[in-house]
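Secondary and tertiary structure notes
Chain by chain, the residues:
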Amino acid sequence: MIIKNMLYFIREALNSLMRNRLLSFATISTVSISILILGIAVLMTMNAGSFMNRLESDVEIIAFLEKNLSSSQIRDAGEEIEKMDGVKQLTFVSKKEALHRLQENFGGKEYNLGTTIGENPLPNSYEIKAADPHNVADIAKKVEKVHGVYKVNYGQGVVEKLFNITKWIRVISVIFIVLVSLGAVLLIATTIRLAIFARRKEIKLMQLIGATDWFIRWPFFIEGILLGSLGALVAIVLLLLGYDSLISKTDSIYFFSLLSDPIILSKIYISLFLTGSVLGVLGTYISLNRFLDV
Amino acid sequence: MLVQFYNVSKIYPNGVKALDDISLRIERGEFIFLMGSSGAGKSTLVKMFFREEIPTRGQIFIASRSIVRMKRSEVPKLRRNIGIVFQDFKLLENKTVSENISFAMEVVGANIRDIKIRVPEVIEMVGLKGKEKCFPGELSGGEQQRVGVARALANRPLMLIADEPTGNLDIRISTEIMELLYDINRKGTTVIMATHAQELVRAAHKRIIMLENGRIISDSLAGEFFL
Ligand SMILES: Nc1ncnc2c1ncn2[C@@H]1O[C@H](COP(=O)(O)OP(=O)(O)O)[C@@H](O)[C@H]1O
Ligand SMILES: [Mg+2]
């Protein structure tokens, strides 16, 4: 029954969309905006999440050693750190090695840091990796007390700060999404209400002739779903274009590589599309309930 | 027996008692006039048949089924067996004669092949051949009501119900519509028609149910009542 009449329903829905062209356009635009904001928020939080994960796994503790330690004292300190809970990996970086890295990073070939700064002022150090990034702060505290260690460095607070930022992005975008989606649903409901109003005589007649409630409802649901999904489609196209160009602009910046897994991305886009359709169904439902006695 | 009313009363929410203890039997194939002055309760009684109004008290059976206790989801099936003709025709202005009739079949889920066969059939039956592509606005009142009758017949109803179908038409055109309804009745469809036009009824020699203040004050053949 439903399949057989689908063509009729779709025809009715399209007629109705065209009858209220201007309002349909405004409704689709509003849906687009809300889905666009939703999409941006989702992409931002997902990227921030993966960025944080990468950052966390990169967080190292560096324990700088006092100047005049004997090699056995250095070894003792290393052994003590290695025995600590949660330490995954320990690497000794000699002062020579440290200068070498500095030379690589800043001097290049033109400046010879070794001759510029005279005697090597850098300390020996241990690089410590934690098994679980969340324990970094605890381990750092313990390492600080090890005999021969004079200073400990780690990504103090960076992770926490980032987490706070993403939390705020999330909160603000949820508020935004709720407000704009509400607007979209209400506009869809208004469009459907007008469509019902335009066809009220026809609907009354259909009821008297013996059309079922669902036969009467279907065209409106299709109209609502069309409004919602067309809006979502516009938003998705904009997101695709924008995000793609963002990826190509940022792929040269090492630490800022954006999420580009096509499977994850297509899942996001499909969810956005479905969200648009759901908004359409909600809007239609509200109006059918309020203005149609079927 | 097709229809049976048992002690049906209708009190509208505003307190008006539009029907008062109506009991009634209608056999298959009858032609019945519902008569009475304006406000007598004719329209309210007519609406009971297709459950547009529900009795406040009493029972109604159509083809042995109670339509009072009927579930909402069963109402469409009831209405498909009843063709309704309206005083104001209720044609869709943006659809042609053919489309107005096929609309009635589409909305009850008839298949396209049946629609293609049946629409010309009923157009022929009501004498509107050649007017298929006209819009209601291009037709006279009498022709528009013929479209109304054709639409009511499209789904082959057991019963045709007409509430003042000639109310907006002059006497000559009304007589033509009456001939059409008699013709339909002769072919086997039960017809129930509400009217206050005595001149149409007098000549007919059909069963007449007289209403006054929501009560049946007589139920007889025209001859018995008016002579
Ligand atoms: N929907 C309604 N609500 C309240 N009162 C109504 C309604 N429909 C009809 N009535 C009242 O019921 C009485 C019978 O009306 P109706 O059945 O339309 O009579 P008729 O068709 O014979 O003129 C009248 O007094 C009318 O005002
Ligand atoms: Mg009336």
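Scroll up for the structure.
Conventions adopted
- Residues numbered from 1 in each chain as written.
- Chains lettered and ligands numbered in written order.
- Predicted model: local features only at pLDDT ≥ 70, side-chain atom pairs only at ≥ 80, totals over all residues.
- Heavy atoms only, no water.
- Helix = DSSP H or I, 4+ residues; strand = E, 2+ residues; numbered from the N terminus.
- Buried < 20%, exposed > 50% of the residue type's maximum accessible area, 1.4 Å probe, protein only.
- Contact = heavy atoms within 4.5 Å.
- Lys, Arg positive; Asp, Glu negative; His and termini not counted.
- Charge placed at Lys NZ, Arg CZ, Asp CG, Glu CD.
- Phe/Tyr/Trp six-rings, centres within 6.5 Å; stacked < 30°, edge-to-face > 60°.
- Lys NZ or Arg CZ within 6 Å of the ring centre and 35° of its normal.
- Salt bridge = Lys/Arg side-chain N within 4 Å of Asp/Glu carboxyl O.
- Buried area = accessible area lost by both parts, 1.4 Å probe.
- Polar contact = N/O pair within 3.5 Å; in protein donor to acceptor, adjacent residues only side chain to side chain.

A few words on the overall build of chain A. Helix and strand counts for chain A come out as 10 helices and four strands. In chain A, the succession of helices and strands from N to C terminus is α-α-β-α-β-α-α-β-α-β-α-α-α-α. With the principal axes as the frame, chain A shows a C-alpha extent of 100 × 45 × 30 Å. Taken across its 294 residues, chain A has 41% of its residues classed as buried. In chain A, 85% of the contacts between residues at least 6 apart in sequence involve partners at least 24 apart. Of note, chain A has its 30 positive side-chain charges centred 13 Å away from the centre of its 26 negative side-chain charges.

Under the definition given, this model contains 12 aromatic pairs over all chains. Measuring from ring centre to ring centre gives 5.0 Å for Phe9(A) and Phe215(A), while their planes differ by 70°; the resulting arrangement is edge-to-face. Remark: Phe215(A) occurs in helix α9 (residues 213-250) and Phe9(A) occurs in helix α1 (residues 2-19); sequence separation between them is 206 residues. Accessibility assignment for this pair places Phe9(A) and Phe215(A) in one class, buried. Between Tyr6(B) and Phe61(B), the aromatic rings sit 5.9 Å apart at their centres with planes inclined by 80°, giving edge-to-face as the arrangement. Of this pair, Tyr6(B) sits in strand β1 (residues 3-11) while Phe61(B) sits in strand β4 (residues 57-62), placing them 55 residues apart in sequence. Overall, the relative accessible area of 24% leaves Phe61(B) in the partly exposed class. One aromatic cluster is present, built from ring pairs that chain together Tyr8(A), Phe9(A), Trp214(A), Phe215(A), Trp218(A) and Phe221(A). Seen from the ring of Trp214(A), Arg217(A) lies directly overhead, with NZ or CZ sitting 4.8 Å from the centre. When the ring centre of Phe86(B) is taken as origin, the NZ or CZ atom of Lys90(B), which lies over that ring, is 5.3 Å away.

Summed over the entire model, instances satisfying the criterion amount to 24 salt bridges over all chains. Residue Asp20(B) is joined to Lys17(B) by a salt bridge in which the shortest nitrogen-to-oxygen separation is 3.5 Å.

Our focus in this paragraph is the interface of chain A and chain B. When the parts of a complex come together, some accessible area is lost, and that lost area is often taken as the interface size. Contacts between the two partners involve 18 residues from chain A, matched on the other side by 20 residues from chain B. Of all residues in chain A, Leu205(A), Leu208(A) and Ile209(A) bury the most surface against chain B, accounting for 38% of the area lost on that side. Scanning the region where chain A abuts chain B turns up three salt bridges. Where Glu52(B) meets Lys204(A), a salt bridge forms, and the shortest distance between an N and an O atom there is 3.1 Å. The interface formed by chain A and chain B contains four residue pairs in polar contact (both at pLDDT 80 or more). Elements supplying a minimum of two residues to the side of chain A that touches chain B: α1, α8 (200-209) and α9 of chain A.

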